[in-house]
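For reference, the chains in residue letters:
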Amino acid sequence: MVPVLESTIPLEPRPTGPSLDPARFAVGMWYAPAIISQNNFIYKSLSNWAFNVAVGCSHACRFCYVPSAATIKQGPKLAEYGVEDPDAEWGEYVLLRPWNEQKFLASLRSAENTPRRQLKPDGNRAVIFCSTTDPYQVIHHPDPARQRELAEHARFLVRRSLELIRDQSTLNVRILTRSPLARADFDLFKTLGKRLVFGMSLPTLRNDLAKVYEPKAPAPSQRLAALRAAKEAGLHVYVAMAPTYPECDESDLLATLTAVAELEPLTIFHEPINIRAENVARIKAHAADTGLRLRNEVFATREAWQDYAVNALQTVSRLARGVGVYKSLHLWPDKSLGSQSLAYRMPDPQKYLKRLDHWWYRVSEWPT
């Protein structure tokens, strides 16, 4: 019997001093333990619950929609950890959740005992690892010993929770990551059989473009290699082409779809980049630092973004037919694309709205 583990890794402030970058990560332990909780997904068909190992994420994706929620719900608490602006500082703080096995098991029992009639069917009765952070992110710290300790804790959170879900429930698991570090846990994934699906976010194959939008995430080439390894290992894989960027032209989207098709994935999710809180400002600021000119004009007005998003969704849909993966395609049109004003700009408004309903209420595939 593994004992209940409480937080043994104390909070520490951002490192400062002449030899350290004052903008380095705020790393430590969050006050609330890691448990299974209901998610708030709308029209995603990813899961019914989520298990998040941390508050914050080291990948620093400039488009990320998570910090806007953190600003509203967790801002005051994050300020106690030295995070003044959760949105602007996204990528500069990772606060790992402590482990309390009793509380985790209580949340697991609650999920397991939830009547199926109360669950949205598109969730596949699954727990997603993770919905607001990456389960396999690299933990940075200037002290190597401390970094190892934190990394071991993060991996323990993932592995122990998976073992308990496997042994003490009938729930399914969806792994979603941008990190090839997940390969170290393929052995554990396989023990869940058809109850686990493994996926990676792969919006583009262009490493240079990903470096702008996802500056600290592993390169797309590394992710594709990890997906191929997962397939070879016998795992059930899926891919999230999400979010694709305005610079992902038709040739780029086709190249990504072609590479993904070789994996024979259960599902290919696709979503064009959305406007959320301050993400556009973060993207523009980082692009200025890199010297790469981006297609920021698509964010100039609501109508410009809607036109871009609809075109991206239609392009991927058409290309998926040509590549032979349309049956696996699951588009994620933003709910704002269902506005009446946009529908009336379409050649056939009723047909357009009907297609949105098709994607919104689609149930993603699960192994049988």
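What you are looking at is a predicted structure, and each value in this text was computed from that prediction instead of being measured.

**Student:** Could you clarify how one ought to interpret the overall build of the protein chain in this entry?
**Tutor:** Scanning the protein chain for helices and strands turns up twelve helices and eleven strands. The buried share of the protein chain, reckoned over its 368 residues, is 57%. Across the protein chain, the fraction of contacts at a sequence separation of at least 24, relative to all contacts at a separation of at least 6, is 79%. With the model as given, the accessible surface of the protein chain reaches about 16,300 Å², and the carbon-plus-sulfur share is 53%.

**Student:** Just to check I follow, could you spell out helix α10 (residues 302-323) for this structure?
**Tutor:** Working note: α-helix, 3.6 residues per turn, so residues spaced by three or four point in the same direction. For α10, built from 22 residues, the straight-helix expectation of 32 Å at 1.5 Å per residue is met to within 8% by its first-to-last C-alpha distance of 32 Å. Of the residues making up α10, those classed as buried are Trp305, Gln306, Tyr308, Ala309, Val310, Ala312, Leu313, Thr315, Val316, Ser317, Leu319 and Ala320. Looking at the buried residues of α10, the elements they touch are β9 (236-244), α8 (250-261), β10 (268-272), β11 (329-331), α11 (340-343) and α12 (349-360). Positive phi appears at Gly324, one or two residues downstream of α10, with a value of about 90°.

**Student:** How do you make sense of the layout of surface pockets when you look at a structure like this?
**Tutor:** The probe, sized like a water molecule, is rolled over the atoms to show the empty space still left. Roughly 360 Å³ of internal volume is contained in the second largest pocket. Lining the second largest pocket we find 15 residues, and of these Val310, Gln314, Tyr352, Arg355 and Trp359 sit closest to its centre. Elements supplying a minimum of two residues to the lining of the second largest pocket: α10 and α12. For the lining of the second largest pocket, the element with the highest residue contribution is α12, accounting for five residues.

**Student:** So what exactly am I meant to see when it comes to the pattern of salt bridges here?
**Tutor:** Side-chain pairing between opposite charges can occur once the charged atoms of the two side chains come close. Scanning the model with the defined rule gives 17 salt bridges in all. Each of the salt bridges in this network shares a partner with another, and the network as a whole consists of Arg155, Arg159, Asp185 and Asp187.

**Student:** What am I meant to see in the pairing of strand β8 (residues 196-201) here?
**Tutor:** Successive side chains on a regular strand alternate, one facing one side of the sheet and the next facing the other. Among the six residues that make up β8, six are buried, leaving the element largely enclosed by the rest of the structure. Of the two faces of β8, the one lined by Leu196, Phe198 and Met200 and the one lined by Val197, Gly199 and Ser201 are each fully buried. Where strand β7 (residues 172-177) lies against β8, five bridges are found, and the strand directions are parallel. In the sheet register, Arg174 faces β8, and the bridge partner there is Val197. Here β8 runs beside β9; their pairing, made up of five bridges, is parallel. Bridging from a neighbouring strand, Ser201 pairs with Ala240 of β9.

**Student:** Where do I start with the pairing of strand β5 (residues 93-96) in this structure?
**Tutor:** Residues Tyr93 and Leu95 line one face of β5 and the alternating positions Val94 and Leu96 line the opposite face, and both faces are buried. As defined by bridge partners, strand β4 (residues 54-56) adjoins β5 across three bridges and the pair is classed as antiparallel. Counted as the bridge partner of Gly56 is Val94 from β5.

**Student:** Quick question: what am I supposed to make of the side chain of Glu247 here?
**Tutor:** By the element assignment, Glu247 lies in the loop between β9 and α8. Looking at Glu247, the relative accessible area reads 13%, which means it is buried. With residues near it in sequence (within four places) discarded, Glu247 still touches Arg206, Leu209, Tyr213, Leu294 and Arg295.

**Student:** Would you mind going over the sheet that holds strand β6 (residues 126-129) with me for this structure?
**Tutor:** As a general point, the strands of a sheet are linked pairwise by backbone hydrogen bonds and lie either parallel or antiparallel. Taken in spatial order, the eight strands of this open sheet run β2-β3-β6-β7-β8-β9-β10-β11, and their pairing is mixed. Edge strands, defined here as strands with exactly one partner in the open sheet, are β2 (36-38) and β11. If you compare each strand with its neighbour and ignore which way they point, the axes differ by 25° on average. Where strand β3 (residues 49-51) lies against β6, two bridges are found, and the strand directions are parallel. When the bridges of β6 are listed, Ala50 appears paired with Ile128.

Parameters and conventions
Along each chain, the written sequence defines residue order, and numbers are assigned to residues from 1. Selection of residues for local features in this predicted model requires a pLDDT of at least 70, selection of side-chain atom pairs for listing and counting requires 80 or more, and totals for whole chains, interfaces and linings are taken over all residues. Side-chain calculation: all heavy atoms of the structure are included, whereas hydrogens and water are not. Helix numbers and strand numbers start at the N terminus; a helix is a DSSP run of H or I with at least 4 residues, a strand a run of E with at least 2. Three labels apply to residues, based on accessible area from a 1.4 Å probe with only protein chains included: buried if under 20% of the type maximum, exposed if over 50%, partly exposed otherwise in between. Residues are treated as being in contact if the distance between any of their heavy atoms lies within 4.5 Å. Using a 1.4 Å probe, the Shrake-Rupley method yields the accessible areas, and only the shown protein chains count as cover for residues. The span one expects for a helix is its residue count, reduced by one, times 1.5 Å. Cavities and pockets were defined on a 1 Å grid built over protein atoms only: a cavity is a set of grid points that admits a 1.4 Å probe from which the probe cannot escape, a pocket is an open set flanked by protein on both sides within 12 Å along at least five of seven lines, and lining residues are those with an atom within 4 Å of any such point. Grid points are joined across faces, edges and corners, and a volume is the space filled by probe spheres set on the points. Counted as salt bridges are all cases of a side-chain nitrogen of Lys or Arg within 4 Å of a carboxyl oxygen of Asp or Glu. Strands qualify as paired when DSSP identifies two bridges or more between them. In this analysis, axes come from line fits to C-alpha atoms, helices being fitted only over the stretch in contact, and the angle between any two N-to-C directions falls in the range 0 to 180 degrees.

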